[in-house]
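# Remarks on the overall topology
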Amino acid sequence: MPIVECIWVTDADVLDWLGVDPASVDDEAFVTLCTAAANSWAFRRRLEAGYVDDPEESPNAAVTLGTIMYAGSLYRERGSLDSLNSFSDMSTGAPVASMGQIMRLLAIGRPQIA
């Protein structure tokens, strides 16, 4: 599978969704890394599911939101071993973004119906 650079969402999109400003240059670099990873992952997963998308323009608002949510989740998991970092023993609130919701927005996790 060829490597394609996808640019469906930007750092600004992710920061708007997170509702935070980067505290340092390192935070800005990490947001950029999370955004690039989410763009790449979303594009590849949709391609694997049978979709042929333009890597420079998101196919629709749902895919854009799913990609932003995935990038934001990656950012918020910084410093955590396997999920959203928390100071409580057991999380009682809703997760930042569920993987199921992200996959539904991206229309992946199921084969495309022709």
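Heads up: the structure comes first, above all this text.
Just so it is clear, the structure is predicted and the values come from calculations on it, not from any experiment. (Residues numbered from 1 in each chain as written. Predicted model: local features only at pLDDT ≥ 70, side-chain atom pairs only at ≥ 80, totals over all residues. Heavy atoms only, no water.)

The N-to-C vectors of helix α2 (residues 25-48) and helix α3 (residues 61-76) enclose an angle of 135 degrees; their axes lie 8 Å apart at closest approach. By the criterion of interaxial angle, the relationship of α2 to α3 is oblique. For the pair α2 and α3, the sense of crossing is right-handed. Here D27, F30, V31, C34, T35, A37, A38, N39, W41, A42 and R46 of α2 come into contact with α3, specifically with V63, T67, Y70, A71, L74 and Y75. (Axes fitted to C-alpha atoms, helices over the stretch in contact; angles between N-to-C directions. Helix = DSSP H or I, 4+ residues; strand = E, 2+ residues; numbered from the N terminus. Parallel < 35°, antiparallel > 145°, perpendicular 65-115°, else oblique. Left-handed = near helix turned anticlockwise from the far one by under 90°. Contact = heavy atoms within 4.5 Å.)

This next bit is on the environment of D13. Its place among the elements puts D13 in helix α1 (residues 11-18). Separated by 52 residues in sequence, D13 and L65 place their C-alpha atoms 9.2 Å apart.

In terms of nonpolar packing, the biggest core is built from 26 residues, with W8, W41, Y75, I102 and L106 touching the most fellow members. Taken together, the elements giving at least two residues each to this core come down to α1, α2, α3 and α4 (99-106). Looking at this core, the element that brings in the most residues is α2, giving 7 residues. If we ignore the near neighbours within four places in the chain, the residues touching L106 are W41, A42, R46, V63, G66 and T67. (Core = buried A, V, L, I, M, F, W, Y, C linked by side-chain atoms within 4.5 Å. Buried < 20%, exposed > 50% of the residue type's maximum accessible area, 1.4 Å probe, protein only.)

What follows covers the pattern of salt bridges. Counted by the stated rule, this structure contains 4 salt bridges. With its nearest N and O atoms 3.3 Å apart, the salt bridge here joins R44 to E48. Here E48 and R44 lie together in helix α2, a separation of 4 residues that amounts to about one turn. Residue classification places R44 among the partly exposed positions, given a relative accessible area of 33%. A relative accessible area of 46% means that E48 is categorised as partly exposed. A salt bridge links R45 to E48, with the nearest nitrogen and oxygen atoms 3.7 Å apart. Within this pair, R45 and its partner E48 are both found in helix α2, separated by 3 residues, close to a single helical turn. (Salt bridge = Lys/Arg side-chain N within 4 Å of Asp/Glu carboxyl O.)

We now examine the packing of aromatic side chains. Summed over the entire model, instances satisfying the criterion amount to 3 aromatic pairs. Measuring from centroid to centroid gives 5.7 Å for W8 and F43, while their planes differ by 65 degrees, and the two rings are edge-to-face. Here the residue W8 occupies a position in the segment before α1, and F43 occupies one in helix α2, the gap between them amounting to 35 residues. The two residues W8 and F43 agree in class, both being buried. (Phe/Tyr/Trp six-rings, centres within 6.5 Å; stacked < 30°, edge-to-face > 60°.)

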